[in-house]
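Residue strings, one per chain:
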Amino acid sequence: MKISKGMRYSVVTMIASAAYMLIVFAADFSMKNISGFQVGWPKPAALFVLVLMFQPIMSKLQAVIDKKFFKTNIDAEKIREKFSTGIKKLAKIDRLAEYINRVAFKTFKLSGSAVFVFDEDTGKYKCYDARGVLAGMKDALLGKEDVLVAECSYGKIIKRKNKGLCVPSFSKKKNKLVGFLLAGEKSSQDAFSAEELLLLETMANQAVMSVENAILYQGRIEAAKRRLLLKRLSDLGQAASNVARQARMALTPVIEFSKQFNKKWEDRDFIERAAGTLPFETERLRLILVSVLIYSGESKPVFDEIKLGGLFSWLFKLMEARARERNIGIGYQVSGDLAIKMGRDHIEQVLLNLVLNAFDAMPYGGKITVSAETWEGKLYVKVRDMGQGIPKENLDKIFDPFFTTKQDAIGLGLTVVKKIVESYGGAIHVNGEPGQGTEFVIELNG
């Protein structure tokens, strides 16, 4: 059986008083055996001096006992100020509820506590934080028809049968219950004092505005998420349409050549045009499909050693026919033995995307230069064009998924390039001014 706080206070005070009286009695007993203190005025005078000496000690001891047993009363103003400052710093409902519950639980030494806040989505009061014997209430939902909610809706502290309380945070401005603290009995099993109830009521009133602001903030966050989701779904739908369109465009010449092949397989001009077009279109189709796969999944690095000279030569041959049609020259600069440690599919994907990007930047022809060099232990691969350049307002967006200024483009090319490069611990930089061309620089550890 637990002993009440008042009883414990009385017992401790009696023990301290008894100890004080014992000291005085011991002093009196000792004086009886000292010559000169047995009779006359010396003995009362000595006892008086002794009482004066020990009285401050007794007063300090009593103050310590009072503070220990009535700490809430002594620190109420300090708790109010600290609590008010703390809740003003919090904007999210879960963190605000956790702070309110933690302060109440520790300050009043509760056996259990739980904080409920109105949830706009469900139209119910959700338990965001629960402790002690009430920990099982976490995430519980209470409707307006629940007894606790109905009682708290009057805006007054409700004393419960188990010595606990229901402390409402009631908005008088909106005439609405925004939340409430469910407090179990105190660990001492004492009843809540008038001063403790006043402190709880003050804290609940202080919390009203913070809880309302948190609910408003949460609503704005959810609305922003919904707008972002709708935009992303719209972007995905547009991207899917563009993927299909680009794939169809790449397949069209393949289909046309395949239909004529049986009749023109001996036509030298036909075979040369097919040899120049089909590899490019099939590679472009592969590029489209792989870009979608890389964007939607993980790009795992593969550290093969690939000679850049041979890689650039492959790129030149693949793009030669298309470059000639568009009056574009392609050149490359690299020492014969310089190599890159990357999966071949990945580096081909990166270079092809960057070169096709350069093609689109030069609708009236020009020159593209692909080069590689090492410097201070780093490998730099550069793709430079003489095109229109990138407007300053778009520089921060070019690597964003689905961002494109080109009609019918997917908007994943540069996103995939960045993702691949970063999967190898590298980085990609953009240099250039509008009207002066653009240079993409891939930086990798050598």
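Keep in mind it's a predicted model, so treat the numbers as computed, not measured.

Asks: Which residues make up the overall build of the chain, and what values go with them?
Replies: Scanning the chain from terminus to terminus reveals ten helices and 13 strands. Each of the 446 residues in the chain was classed as buried or not, and the buried ones make up 41%. Counting only contacts in the chain whose residues sit at least 6 apart along the sequence, the fraction spanning at least 24 positions is 64%. Here the chain has roughly 26300 Å² of accessible surface; of this, 58% comes from carbon and sulfur atoms.

Asks: Can you lay out the sheet that holds strand S3 (residues 141-142) for me, pointing to particular residues and giving the numbers?
Replies: As summarised here, the arrangement of the six strands in space is S3-S2-S1-S6-S5-S4, forming an open sheet in which the pairing is antiparallel. The open sheet terminates on both sides in strands that have one partner only, identified here as S3 and strand S4 (158-159). Sheet topology note: the strand S2 (residues 124-132)/S3 ladder contains two bridges and is antiparallel. Across the sheet, residue Lys126 finds its bridge partner in S3, namely Leu141.

Asks: Outline the nonpolar core, supporting the account with residue identities and numerical values.
Replies: Generally speaking, soluble globular proteins have nonpolar side chains that are buried together. Within the largest apolar cluster, 46 residues are counted, with the highest numbers of intra-cluster contacts made by Met319, Leu351 and Ile368. Contributions of two or more residues to this core are made by helix H7 (268-296), helix H8 (308-325), strand S8 (328-333), helix H9 (344-361), strand S10 (366-375), strand S11 (378-384), helix H10 (413-423) and strand S13 (438-445). Among the elements that line this core, the one with the most residues is H9, at nine residues. For Leu351, the contacting residues outside a window of four places in its chain are Leu311, Phe312, Leu315, Val370, Val381 and Val383. Counting residues in hydrophobic clusters, the runner-up holds 32 residues, among them Leu90, Leu96, Ala104 and Leu200.

Asks: Describe the packing of H9 against H10, and please don't skip the residues or the numbers.
Replies: Closest axis-to-axis distance for the H9/H10 pair is 9 Å, and the angle between their directions is 145°. Here H9 and H10 pass one another in a crossing that is left-handed. Contact residues: H9 offers His346, Gln349, Val350, Asn353, Leu354 and Asn357, while H10 offers Gly413, Leu414, Val416, Val417, Ile420 and Val421. Class assignment of the residues belonging to the contact of H9 with H10 gives a composition of seven nonpolar, five polar and no charged.

Asks: How would you sum up H10? Please name residues and give values.
Replies: Taken together, the buried positions of H10 are occupied by Leu414, Thr415, Val416, Val417, Ile420 and Val421. Positive backbone phi, at 75°, marks Gly425, one or two positions downstream of H10.

Asks: Requested: an account of the state of the cysteines, with residues and values cited.
Replies: Simply put, the disulfide is a covalent bond whose two ends are the sulfur atoms of two cysteines. Across all of its chains, the model carries one disulfide by this definition. Sulfur-sulfur distance for the disulfide between Cys152 and Cys166 comes to 2.3 Å. Taken together, the residues span a long stretch of sequence, with Cys152 in helix H5 (residues 147-152) and Cys166 in strand S5 (residues 165-171) at a distance of 14 residues. Pair check on accessibility: Cys152 and Cys166 agree, each one buried.

Asks: Can you lay out a positive patch on the surface for me, pointing to particular residues and giving the numbers?
Replies: A cluster of basic residues, Lys144, Lys173, Lys174 and Lys176, forms a positive patch at the surface. You can see Lys144 is positioned in the loop between S3 and H5.

Asks: Give me the lowdown on the pairing of S5, citing residues and values where you can.
Replies: The buried fraction of S5 is high, at seven of seven residues. Alternating positions in S5 separate into two faces, Leu165, Val167, Ser169 and Ser171 on one and Cys166, Pro168 and Phe170 on the other, with burial throughout. Of the pairings in the sheet, the one linking S4 to S5 comprises two bridges and is antiparallel in character. Residue pairing for S5: Ile158 is matched across the bridge by Cys166. Hairpin connection between S4 and S5: a loop of five residues separates the two successive antiparallel strands, and Lys163 in this loop has a positive phi of roughly 70°. Across seven bridges, the pairing between S5 and strand S6 (residues 176-183) is antiparallel. Paired with Ser171 across the two strands is Lys176, which belongs to S6. Here S5 folds back onto S6, and the loop between the two strands holds four residues, one of which, Asn175, carries a positive phi near 50°.

Asks: Outline H9, supporting the account with residue identities and numerical values.
Replies: Under the 1.5 Å per step criterion, the end-to-end length of H9 is 26 Å for 18 residues, consistent within 8% with the ideal 26 Å. By the criterion of burial, H9 is predominantly enclosed, with 15 of the 18 residues buried.

Asks: Can you explain the packing of aromatic side chains? Please cite residues and give values.
Replies: Per the stated rule, a full pass over the model turns up eight aromatic pairs. Summarising the aromatic geometry, the rings of Phe83 and Tyr99 are spaced 5.8 Å apart at their centres and angled 20° between planes, so their arrangement reads as stacked. Of this pair, Phe83 sits in helix H3 (residues 71-88) while Tyr99 is found in helix H4 (residues 93-107), placing the two residues 16 residues apart along the sequence. On the accessibility criterion, Tyr99 (12% relative accessible area) is buried. Both rings, one in Phe118 and one in Tyr125, keep their centres 5.2 Å apart while their planes meet at 65°; by these two values the pair is edge-to-face. These aromatic residues form a ring-pair network of at least three members: Phe116, Phe118, Tyr125 and Phe180.

What counts, and where the lines are drawn
- Starting afresh in each chain, residues are numbered from 1 along the sequence in its written order.
- In keeping with the model being predicted, local features are shown solely for residues with a pLDDT of at least 70 and side-chain atom pairs are shown and tallied solely at 80 or more, while totals for entire chains, interfaces and linings include all residues.
- In computing side-chain values, all of the structure's heavy atoms are included and hydrogens and water are not.
- In this description a helix means any DSSP run of H or I spanning at least four residues, a strand means any run of E spanning at least two, and both kinds are numbered starting from the N terminus.
- Categorising residues by exposure relies on relative accessible area from a 1.4 Å probe, with only protein chains included: less than 20% of the type maximum marks a residue as buried, more than 50% marks it as exposed, and the intermediate range marks it as partly exposed.
- Residue contacts follow a heavy-atom distance rule, with two residues in contact if any of their heavy atoms lie within 4.5 Å.
- Using a 1.4 Å probe, the Shrake-Rupley method yields the accessible areas, and only the shown protein chains count as cover for residues.
- Here, strands pair whenever DSSP counts at least two bridges between them.
- Buried Ala, Val, Leu, Ile, Met, Phe, Trp, Tyr and Cys residues that are joined via side-chain atoms within 4.5 Å together make up what is termed a nonpolar core.
- Here an angle of 0 to 180 degrees is reported between the N-to-C directions of two axes, which are lines fitted to C-alpha atoms, with helices fitted over the stretch in contact.
- Note: crossing handedness is left-handed where the near helix turns anticlockwise from the far helix by less than a right angle, and right-handed where it turns clockwise.
- Amino acid classes used here: Ala, Val, Leu, Ile, Met, Phe, Trp, Tyr, Cys and Pro are nonpolar; Asp, Glu, Lys and Arg are charged; the rest, including Gly, are polar.
- Here, two cysteine sulfur atoms that lie within 2.5 Å of each other are counted as a disulfide.
- Patch rule: a residue counts if its relative accessible area is over 30% and it has no salt bridge; like charges are joined within 9 Å, and nonpolar side chains (Val, Leu, Ile, Met, Phe, Trp, Tyr) within 5 Å.
- We count a salt bridge whenever a side-chain nitrogen from Lys or Arg sits within 4 Å of a carboxyl oxygen from Asp or Glu.
- Only four residue types enter the charge count: Lys and Arg as positive, Asp and Glu as negative, with His and the chain ends excluded.
- By convention, the charge on Lys lies at NZ, on Arg at CZ, on Asp at CG and on Glu at CD.
- Every helix has an expected span of 1.5 Å times one less than the residues it contains.
- When two rings of Phe, Tyr or Trp (its six-membered ring) have centres within 6.5 Å they constitute a pair, described as stacked for plane angles under 30 degrees, edge-to-face for angles over 60, and tilted for the intermediate range.

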